[in-house]
Amino acid sequence: MLTIYEKVLFIVLLLLSGYLTYKNFSAVINAIKRGKNEKRKVNLWLGVQALILQKPIFKARFITSVFHAFILWAFLVYALVNLQDVVRGYIYGFNIFGNTPLQSAFNLVSDILSLLALIGVIYFGIRRYVVKDKRLFFPQNVPLHEKALSGILRDSLIVLVFIFTHVFSRVLHQSLTLSSFDTFQPFASSIFLILNGIPEGFKTILEHVFWWLALGSILAFFPYFPYSKHIHLFFAPVRWSVRRDKPYGYVEPLNLMEKLQEEGGEEEVFGAINLEDLPWAQIMDAYACIMCNRCQDVCPANFTGKPLSPSALIINMRYEINQNLKKFANGESLRPLMDFAINEDALWACTTCGACVEICPVGNEQLYTILQIRRGQILMEGKEVGFSNAYRGMENQGNPWNMPAENREKWAEGLDVKRAYENSDFEVLYWAGCAASYDQRYSKVARTVVNLLKSAGVDVAILGMEETCTGDSARRTGNEYLFEMLAVQNVETLNKYKPKAIITSCPHCYHTIKNEYPDFGLDKSIKVYHHSEYLSMLLKLGKINVKKADKKYIFHDPCYLGRHNNIYDEPRDILKTLGDVLEADRSRNNSFCCGAGGGRMWLEEKIGKKINLERTEELLGKNPDEIVVGCPFCMTMITDGVKSKGLEPERVKDISEVISENLKG
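I will try to describe carefully the structure that is included in this document. Quick caveat, the model's predicted, so the values are computed rather than measured.

## What to know about the layout of surface pockets
Consideration 1: Space inside the largest pocket adds up to approximately 720 Å³.
Consideration 2: Lining the largest pocket are 31 residues; nearest its centre among them are F75, A79, N82, I218 and F222.
Consideration 3: Looking at the lining of the largest pocket, the elements that each hand over two or more residues are α1 (4-33), α3 (62-90), α5 (148-177), α7 (200-221) and α8 (232-241).
Consideration 4: Per element, the largest residue contribution to the lining of the largest pocket is 9 residues, and it comes from α3.
Consideration 5: Residue composition of the lining of the largest pocket, by class: 25 nonpolar, 6 polar and no charged.
Consideration 6: Volume-wise, the second largest pocket comes out at about 410 Å³.
Consideration 7: As for the second largest pocket, its lining consists of 22 residues, of which R88, G93, N95, Q174 and T177 are closest to the centre.
Consideration 8: Within the residue set of the lining of the second largest pocket, elements represented by two or more residues are α4 (101-130), α5 and α7.
Consideration 9: Tallied by class, residues from the lining of the second largest pocket come to 5 nonpolar, 14 polar and 3 charged.

Okay, structure coming up:
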């Protein structure tokens, strides 16, 4: 089809485009490799799901996800379509599958996907530039890279124009090569009927023009591809394949006490101050990001007017790297992260709820990046952001309330329960936690749980004075050194008694002991349960018997029980045995945070609407008789929300209390 001059020109342009693409793509790879080495398991199936099945993207925005899937599937099929068209330029009439029924099927799929991709491009263009969907933009108080806003608009337009030009030119070219209506190419054939009256000479010229527009647009776009948002098509499946198989709030141990004793240990950067201090996969997030802002949609801080946008954090990283790609790829340092990626108000607004990670269609781990930056601010910069009293309490008194350590066991006064230090012959250890030990309201919950366990015949004991804070708030706010001190102490105590199981009422303690203490030597044979899990098991075994209550319950999913540890059914199974169970609009893996996680329990909420009030209003909107919780932080926050509405705080109960109130006999 091509003339000899066109054939030579195409090869020259192909080589030039290939060279520039390789050069730019290599720079991106080298930029990612600047990150700290961190071993990641590779799960190719997750990458396949993301790329071919598009499963993660359908978690939200169904219509938009459908149009995105059209474009993605067309992109995959067009890899073969473009190969076929290139060869046809040199061998007229070439078919990649020959003259077979498979070729007819390939033509049909290609033709239909071409139409759907064009519809998708038009949809996205209208959505961003005509309707200006507010979900694609950022609140004014969110810190944005100086190049981000204009860059996103420009970059999105370039991608949309490229896809439309490429696909439509290819369809026009294909229609001009037809000699009659082809039922296996209905879209191209429809255009053929329109163009059929064109003179042959002009038709031949157009055939060449559209071939060059279709394939030439690829040659022009590919060198820009590493800089464009379109690069997520490559990195998103890679990102899913290396996504951590840990709960969202988990962070790798730094082994600080050990490193600081080593020569030169003081010179190491703990946490992240600059981009290169982040793990390499977190730098990859910047290129996997599709800039859809779904994480911003579900962020409780952003939803209530705080300046945090998980999306903006990753996008800011992207534009900073791209603006200085060669410098960064070659080993130079750029501005500190706090100068362009996120500001102080946004960093400490995060409740570590994990909603951003849960919703992300490309497998990014925004929370992990935030936790790394928090570590840098606390450990390297020595920032004081309001946690001093809580830190002091954890270090000196073993609790963030800074209450006397000698009062740790007062919650259990008069309670007939073994103390491990007096009687080490027991099977199950009840870990009370700081809230149950020092918060009067949650002490009642702890006593209720112990009484339920004992009534079911469980051989339970408590640590009493030997228990101290797990260090969850220290770790989630970046104070790894304090966390390590507490973890080492607690692990030593737990391994000394080595119970068959540990039960705790606090999801934060549950997460820390179960998922993070094994890094510090906790015996892996010890099973760890949240009390809702264990009580549900006892109910099913018939060791606890309850009666029906004429009440409507609604369960508020604690973030560290639900999203972080995937426990959703057990609390609901309990409530279903007692009465009617309502669901909040945002529940289970889409649950809305109470606002206290990630150290927010110890900070005042000064910007925007209070998160706990937003959540309380949502729960009360379903008109439940009682709001049921399974976390001391949630108990405090939701109870405060209920009080602010002028309602009785007794409407908020722990799930153990609901069981206790409805025991048979």
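After that view, the rundown keeps rolling.
## Some thoughts on helix α26 (residues 569-576)
Consideration 1: Three or more residues of α26 are buried, namely P571, R572, I574 and L575. The buried residues of α26 all sit within an arc of 155 degrees when viewed along its axis, so they share a single face.
Consideration 2: Next to the buried residues of α26 lie α25 (531-540), β6 (552-555), β7 (580-582), β8 (626-629) and α29 (655-661).

## Let's talk about the packing of α1 against helix α10 (residues 280-288)
To characterise two packed helices, one gives the angle between the axes of the helices and the distance between these axes.
Consideration 1: Two elements in contact, α1 and α10, have axes whose closest approach is 7 Å; the angle formed by their N-to-C orientations is 140 degrees. As summarised for this structure, α1 and α10 are arranged oblique, according to the angle between their axes. Here V28, A31 and I32 of α1 come into contact with α10, specifically with W280, I283, M284 and Y287.
Consideration 2: Of the residues belonging to the contact of α1 with α10, the class tally is 7 nonpolar, no polar and no charged.

## Overview of the pattern of salt bridges
Consideration 1: Here the structure, examined in full by the defined rule, presents 43 salt bridges.
Consideration 2: With a shortest N-O distance of 2.9 Å, D133 and R135 are connected by a salt bridge.
Consideration 3: Residue D133 is classed as buried on the basis of its relative accessible area, which comes to 13%.
Consideration 4: In this structure, the salt-bridge partner of R588 is D569, at a minimum N-O distance of 2.7 Å. With R588 in the loop between β7 and α27 (611-620) and D569 in helix α26, this residue pair connects regions lying 19 residues apart in the sequence.
Consideration 5: What makes R588 partly exposed here is its relative accessible area of 31%.
Consideration 6: Taken together, the salt bridges that share partners define one network made up of R586, K609, E614, R615, E617, E618 and K645.

Thresholds, definitions, all that
- Residues numbered from 1 in each chain as written.
- Predicted model: local features only at pLDDT ≥ 70, side-chain atom pairs only at ≥ 80, totals over all residues.
- Heavy atoms only, no water.
- 1 Å grid on protein atoms, 1.4 Å probe; cavity = no way out; pocket = protein on both sides within 12 Å on 5 of 7 lines; lining within 4 Å.
- Points joined across faces, edges and corners; volume = space filled by probe spheres on them.
- Helix = DSSP H or I, 4+ residues; strand = E, 2+ residues; numbered from the N terminus.
- Nonpolar A, V, L, I, M, F, W, Y, C, P; charged D, E, K, R; others polar.
- Buried < 20%, exposed > 50% of the residue type's maximum accessible area, 1.4 Å probe, protein only.
- Arc of directions from axis to C-beta.
- Contact = heavy atoms within 4.5 Å.
- Axes fitted to C-alpha atoms, helices over the stretch in contact; angles between N-to-C directions.
- Parallel < 35°, antiparallel > 145°, perpendicular 65-115°, else oblique.
- Salt bridge = Lys/Arg side-chain N within 4 Å of Asp/Glu carboxyl O.

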